[in-house]
Structure formats: C-alpha cells, structure tokens
Amino acid sequence: MTAVLAADRLSYAYPGSAPVFSELSLEVARGTSLAVLGPNGGGKTTLLRLLCGGLRPAAGRILLDGRPVAYGRAALAEFRTRVQFVHQDPDDQLFAATVGQDVSFGPLNLGLPPEAVAARVASALEDMEIPFLADRPTHLLSFGQRKRVAIAGALALRPVVLILDEPTAGLDPAGTEALLETLRRLQADGTTIIASTHDVDFAHRWARDAAIIARGELRAGPADTLLTDAALLRAASLRPAWGPAVGRALRAVGGLPADAPDPRSPEEVLGLRPEPRP
Ligand SMILES: Nc1ncnc2c1ncn2[C@@H]1O[C@H](COP(=O)(O)OP(=O)(O)O)[C@@H](O)[C@H]1O
Ligand SMILES: [Mg+2]
C-alpha cells in the first residue's frame, strides 16, 4: 500500500516552546476514515495542521502519494487544493458575507470559469445538505450550520483528503448523527477523511483507523484494536469506548455470541437498527 498521505519523522515546536513531538510518523491509507485522539494539548491540532501544510515541520516530511510536500507558494497552493483542512471553530474559517460567496471562494481562486464554480458550490452545498442556506448571511447561522458551511467550503475544492479538527465539538446529538452520516457518504464516494476528536465513542462508530497522540508519542492502528485497549486509552487520558464495554459484558452473560462484533450504538443494542461497520 502507498499511503495517500504520510508524515515521515515529523518534529515540531511552537516558537519559544518545548517540542510538541519529535520524529513522529503516520501513514494514512487511501479511502480510510482515521480518527486522531488524545487529551487536550496532546498535539492533535498541531499534527493536523502539519498534515495539511498549514504548519511547516522543523524536521521531517509530509508526503502526498509518496511525494514530499514543498513549501513554496505555488507548490503549497496546489497541495492545499488536494488536502483540505476544516478548523475546529467555523468562525476561524468563514469570512464572506453569504454562504454562497464563502463556498465559492476556493473554486474562484482556482481560476475556474463561473459555470464550474457554480456547479462546485451547488454540489458542495448538496453534500452538506444545506442548499437552502446558499443566500443566507453566514453570521446569522447557527453554530452547527456554520460548521456545515465550513466543511462545504473545503469540499468545493474536491479534496483527495479532508481533514477536520474536532468536527463534533459544539454539535448537539442530532448534529453529530447527521455529521456521521455525511462523513460516511463522503468516504463512500472516495474521499479519505481524517478527524480529530476526544469522543472515543464517535471514533469507534466512525473510524476504520485510529491514531492516539499524547505526550509526544503516537500509536496508530485499526480503530477496533486501539479503541478497545483500556490501558492505552487511560494513558492518553481517554475513557474506553462504550460499545466494546457493552460487548464484553454481554458476551460474559451469553447475551452476545463470542464472535459477534461489538455494538456501536445504543440503537444497535436495543435492536432498533444495525450500525454500519467502518
Ligand atoms: N500557537 C501556539 N503557540 C504555542 N504553543 C501552542 C500553540 N498551539 C498549541 N500549542 C501547544 O502545543 C501543544 C499541543 O497543542 P494542540 O496541538 O493544540 O493539542 P490538541 O489539539 O490535542 O488539544 C500544547 O502544549 C499547546 O499548549
Ligand atoms: Mg485541538
């Protein structure tokens, strides 16, 4: 496998501060859903901003399709059309007066003709299920709507890799469910998705792969393996995922066949609906 995106022995320190991490490596499989977990201050945002070219590593490389990212203006602009970053706070991202203007900014900047820009804006808004917001002023939207607009702005560039920093932060349960559905659909369409979170349950439901970053150390692997490792999670100040805990308890009393997968949602335990496997 060639990873679509890789970090190769990255080191980074903010000016005047101790290194956040040194010689950190990570491979992101094409088409995967990767959850980046860790405690507050663990380095999730820093890692994601390095992966999208927003920060330049002190040492080490980022590779896209096996090719090292260059940090000249033109090379970086080209890289950023293929790897898009969505900020945790949509207000750090949105700046135009209306939703349509905001989402069209990226495609306009690519120099696309007006019809192509309009088509991309329309499909990005559709992907996020917000065509009805197109003419609304961004500052009058709810937080969840602003988050959707920020993601639509990234999608309008048709990225190969979509990176989201804490996409569920600040969303209500219905908003989180809707986002989960959207991320699954985008991934099914071929987009590789990386999202940071400290919501282990969300990660267990959504992600195929996981990376846990704490105190400068990173552990990566299949989400099913990492997110059931109670000692590893505890060391990263994370709580165990709910589904595997229930699965273990049910198996102990014969309530679940030994080889059945862990439940992923309360609805699945209640027999209301099966949960898609990542
Ligand atoms: N702009 C900054 N300047 C200095 N230090 C920072 C800055 N942003 C983050 N840090 C520090 O870098 C470390 C990692 O932070 P961050 O990547 O934001 O972690 P997380 O996203 O996991 O909460 C923390 O110790 C944090 O205090
Ligand atoms: Mg962060």
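For clarity, every value in this text was computed on a predicted model and none was experimentally measured. (Residues numbered from 1 in each chain as written. Chains lettered and ligands numbered in written order. Predicted model: local features only at pLDDT ≥ 70, side-chain atom pairs only at ≥ 80, totals over all residues. Heavy atoms only, no water.)

Asks: So what exactly am I meant to see when it comes to the pairing of strand β8 (residues 192-197) here?
Replies: Each regular strand carries side chains that alternate between the two faces of the sheet. Burial analysis of β8 places six of its six residues in the buried class, the great majority of the element. Relative to β8, strand β3 (residues 33-37) runs parallel, the two sharing five bridges. The residue bridging L34 from the neighbouring strand is I194, located in β8. When strand β7 (residues 161-164) meets β8, the two strands line up parallel, connected through four bridges. Across the sheet, the residue bridging to L162 is I193, located in β8. Following the backbone out of β7, through helix α6 (residues 173-188) and into the adjacent parallel β8, one traces a crossover that is right-handed. (Buried < 20%, exposed > 50% of the residue type's maximum accessible area, 1.4 Å probe, protein only. Helix = DSSP H or I, 4+ residues; strand = E, 2+ residues; numbered from the N terminus. Pairing = 2+ DSSP bridges. Right-handed = clockwise from strand over helix to strand, strands pointing away.)

Asks: Looking at this structure, how should I read the site of ligand 1?
Replies: Near ligand 1 the following residues occur: Y14, V20, P39, N40, G41, G42, G43, K44, T45 and T46. Within the backbone of G41, an N or O atom sits 2.7 Å from an oxygen atom of ligand 1. The backbone of G43 places a nitrogen or oxygen atom 3.0 Å from an oxygen atom of ligand 1. Contact with the protein chains covers 57% of the free accessible surface of ligand 1, which is 560 Å². Class assignment for the residues of the shell around ligand 1 results in three nonpolar, six polar and one charged. (Near = heavy atom within 4 Å. Polar contact = N/O pair within 3.5 Å; in protein donor to acceptor, adjacent residues only side chain to side chain. Areas by Shrake-Rupley, 256 points an atom, 1.4 Å probe, with all protein chains shown as cover. Nonpolar A, V, L, I, M, F, W, Y, C, P; charged D, E, K, R; others polar.)

Asks: Even after reading the chapter, I still don't get the pairing of strand β10 (residues 217-222), so can you show me in this structure?
Replies: Pairing between strand β9 (residues 209-214) and β10: six bridges, direction antiparallel. When the bridges of β10 are listed, A210 appears paired with G221. Count of turn residues in the β9/β10 antiparallel hairpin: two residues, of which R215 carries a positive phi of about 50 degrees.

Asks: Just checking my understanding: could you explain the sheet that holds strand β5 (residues 67-68) for this structure?
Replies: Sheet strands line up and pair through hydrogen bonds in the backbone, either parallel or antiparallel. Across the sheet, which stays open at both edges, the four strands sit in the order β2-β1-β4-β5 with antiparallel pairing between neighbours. For this open sheet the edge positions go to β2 (19-28) and β5, each flanked by a neighbour on one side alone. Note that strand β1 (residues 5-13) and β2 share six bridges and pair antiparallel. From the neighbouring strand, A6 faces β2, where its bridge partner is E27. Strands β1, β2 and β4 (59-64) of the sheet are contacted by helix α1 (residues 44-51), whose axis makes an angle of about 60 degrees with β2. (Contact = heavy atoms within 4.5 Å. Axes fitted to C-alpha atoms, helices over the stretch in contact; angles between N-to-C directions.)

Asks: What is the right way to look at the pattern of salt bridges in this model?
Replies: Close approach of charged atoms allows side chains of opposite charge to pair. Counted under the stated rule, the structure contains 16 salt bridges. Here D8 and R9 are joined by a salt bridge, their closest N and O atoms 3.0 Å apart. Residue classification places D8 among the buried residues on the basis of a relative accessible area of 15%. The class for R9 is partly exposed, based on a relative accessible area of 47%. A salt bridge links E177 to R205; the shortest N-O distance between them is 2.7 Å. Taken together, the residues E177 in helix α6 and R205 in helix α7 (residues 200-206) connect sequence positions 28 residues apart. The exposure class assigned to E177 is partly exposed, which follows from its relative accessible area of 28%. (Salt bridge = Lys/Arg side-chain N within 4 Å of Asp/Glu carboxyl O.)

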